[in-house]
Amino acid sequence: MKKGILIIWLGLISLSLRAQENLKLDFEQYMEWVRLYHPISIQAEINLRMGQMEVRQARGGFDPLVYGNLDKKEYKESLYYDKREAGIVVPTWMGVELNGTFEQNSGRYLNAESTVPNAGLLSAGASVNVGQGLILDDRRAALRQAQIYQEATEVERINLLNSLNLQAADMYWRWSLAYENREVLKEGVELAKFRFAAVKRFFEQGDQAAIDTVEAFTQLLNRQYRLQIAENSFFEATQELNTFLWDENGEPMVLTQGVIPQGLFEDFNWAPDFEEFRMVVLRHPELRLTDYELASLDVERRLKTQQLLPVVKLKYNFLSESVSGMSPSPFFENNYKWGVTFYTPLLLRKTRGAVGLANAKIEMKQISRDLKELQLINKLEAELNNWTVLNQQVSTISQNVNSLQALLTGEMRRFEIGESSLFLVNAREVAVFDSRLTLNELASKLRTSYAKTRFAAGLGFEGD
């Protein structure tokens, strides 16, 4: 598959104070790109079309039916019969079937009940179930279930996009974390190089012991090793991020070298509204999907309950030689035909078993919904608490970084006046860099935590 190169000029700003100009991919622009063009977003829209097609298919059960029949027999130059029939059947939402037919029959051995006027016979009437199927039948049940499925696809779309939102946000902030860690370790390597060069120069001038050069060199090698790991992590994170970037034509895109993420310590003014989220979670997409499943099961239960009734089908048709002859007249006076069909099982064991099974399915699904609601509420509370704790941890580690930086500054002053050693300076410096890496990780987790709280509440790209 051909790959494009991601050059998103809008929103990419130059980063100053660097040897080369870098381009920045802001978080909000990245998320908008994902929302518009990621394959899962496209699949979510296709899911809506599937719901529409399900309804269209179910509505097909109410399509008018046109039929025709020609049956002729001729033997030894004798016409036994020539029967011709055409008609239309129109099902309706009320459960009544309207029908109209035209018959034209002739022949020497024609059955008496098939005898009609030479010009043919018109028939128009209806049939209706007054027992089983009066309130709900297979056609109406199938249509209602298709409509429920269509409504569910709307919620399924939201659920898919919410999941995509969380995955994309988590990947972006992991990418930003990898970048920030690389920058911190780059700074550490530059400091180690500078210190090693200085100690080496002092040693050559006789002002520093040889062991100090070894100490400085080992520190340089150690930091170079950690930087190599960080660079590899940043490369891997960039490749993973590329899987979320697609263009308008559905082609995957890759970030150009030099594109950097939004910083972990830039303005981040988002915060979950605890009370709002606690209300929104009660309408979580997963709960709404379960509600639609319950609604579909209820339709099935009502259909099975209808089948406990006997089948009683009434049919009535007006008869006339022409359309103009079909004048209103009393139903059972002249020129008509009617009938009634009745049947029912005596024990109804099959139907009663089906109704009991439908009720059991609804009960099981309701219990599952109650459990799912409790799990979602508890999950939200856990994410909200995690958000609070991460905020506290970021504040704590920020203070710790400042304190360690002050200790490092003091240690370097002591080293300059000969009251400390290079070993202690390096130890202080390592502590500062380690704490900065910890702060980076917490800042990344805090931003991801915001996405997690929204996902736990059933929100994603939009307020939904």
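Residues numbered from 1 in each chain as written. Predicted model: local features only at pLDDT ≥ 70, side-chain atom pairs only at ≥ 80, totals over all residues. Heavy atoms only, no water.

1. Here we look at the overall build of the protein chain
Inference 1: Counting its secondary structure elements, the protein chain contains 8 helices and 10 strands.
Inference 2: Dimensions along the principal axes, computed over C-alpha positions, put the protein chain at roughly 135 × 50 × 35 Å.
Inference 3: In the protein chain, which comprises 464 residues, the proportion classed as buried is 39%.
Inference 4: Restricting to contacts in the protein chain with at least 6 residues of sequence separation, those with at least 24 account for 76%.
Inference 5: By element, 55% of the accessible surface of the protein chain is carried by carbon and sulfur atoms, the whole surface being about 27000 Å².
Inference 6: Charge centroids of the protein chain, computed over 52 positive and 60 negative side chains, lie 6 Å from each other. (Helix = DSSP H or I, 4+ residues; strand = E, 2+ residues; numbered from the N terminus. Buried < 20%, exposed > 50% of the residue type's maximum accessible area, 1.4 Å probe, protein only. Contact = heavy atoms within 4.5 Å. Areas by Shrake-Rupley, 256 points an atom, 1.4 Å probe, with all protein chains shown as cover. Lys, Arg positive; Asp, Glu negative; His and termini not counted. Charge placed at Lys NZ, Arg CZ, Asp CG, Glu CD.)

2. Here we look at the packing of aromatic side chains
Inference 1: Under the criterion given, the structure shown has 16 aromatic pairs.
Inference 2: Site record: aromatic cluster; members linked through ring pairs are Phe27, Tyr30, Tyr172, Trp173, Trp175, Tyr179, Phe234, Trp270, Trp387 and Tyr450.
Inference 3: For arginine 139, the ring lying beneath its charged end belongs to phenylalanine 62, and the centroid distance is 6.0 Å. (Phe/Tyr/Trp six-rings, centres within 6.5 Å; stacked < 30°, edge-to-face > 60°. Lys NZ or Arg CZ within 6 Å of the ring centre and 35° of its normal.)

3. A look at the pairing of strand E4 (residues 78-91)
Inference 1: As paired elements, strand E3 (residues 65-75) and E4 share 11 bridges and run antiparallel to each other. The partner of asparagine 69 across the bridge, within E4, is glutamate 85.
Inference 2: The hairpin turn running from E3 into E4, its antiparallel successor, is 2 residues long, and lysine 76 in that turn takes a positive phi close to 55 degrees.
Inference 3: Pairing between E4 and strand E5 (residues 96-106): 10 bridges, direction antiparallel. From the neighbouring strand, valine 89 faces E5, where its bridge partner is asparagine 99. (Pairing = 2+ DSSP bridges.)

4. Some thoughts on the confidence of the model for the protein chain
Caution is warranted with low-pLDDT regions, since their predicted coordinates should not be read in detail.
Inference 1: Of all residues in the protein chain, 92% attain a pLDDT of 70 or more, and the chain-wide mean is 87.
Inference 2: The secondary-structure element of the protein chain with the lowest mean pLDDT is strand E1 (residues 4-6), recorded at 34, while helix H6 (residues 285-306) shows the highest, at 95.
Inference 3: Low pLDDT, under 50, characterises residues 1-21; the stretch is placed with 42 contacts to residues that sit more than four places away or in other chains. (pLDDT = per-residue confidence, 0-100.)

5. As for unusual backbone geometry
Inference 1: Backbone geometry at lysine 76 places phi at a positive 55 degrees, although glycine is not the residue there.
Inference 2: Counting through the fold element by element, lysine 76 comes out in the loop between E3 and E4.
Inference 3: Look at lysine 76 and you get exposed, because its relative accessible area is 69%.
Inference 4: The phi dihedral of leucine 348 falls on the positive side, at around 55 degrees, and the residue is not glycine.

6. Digging into the pattern of salt bridges
Here the idea is simple: oppositely charged side chains can pair when their charged atoms come close.
Inference 1: Summed over the entire model, instances satisfying the criterion amount to 26 salt bridges.
Inference 2: Linking arginine 223 and glutamate 429 is a salt bridge whose minimum nitrogen-to-oxygen distance equals 2.6 Å. Taken together, the positions of arginine 223 in helix H4 (residues 210-242) and glutamate 429 in helix H8 (residues 422-457) put the pair 206 residues apart, joining distant regions of the chain. Pair check on accessibility: arginine 223 and glutamate 429 agree, each one buried. (Salt bridge = Lys/Arg side-chain N within 4 Å of Asp/Glu carboxyl O.)

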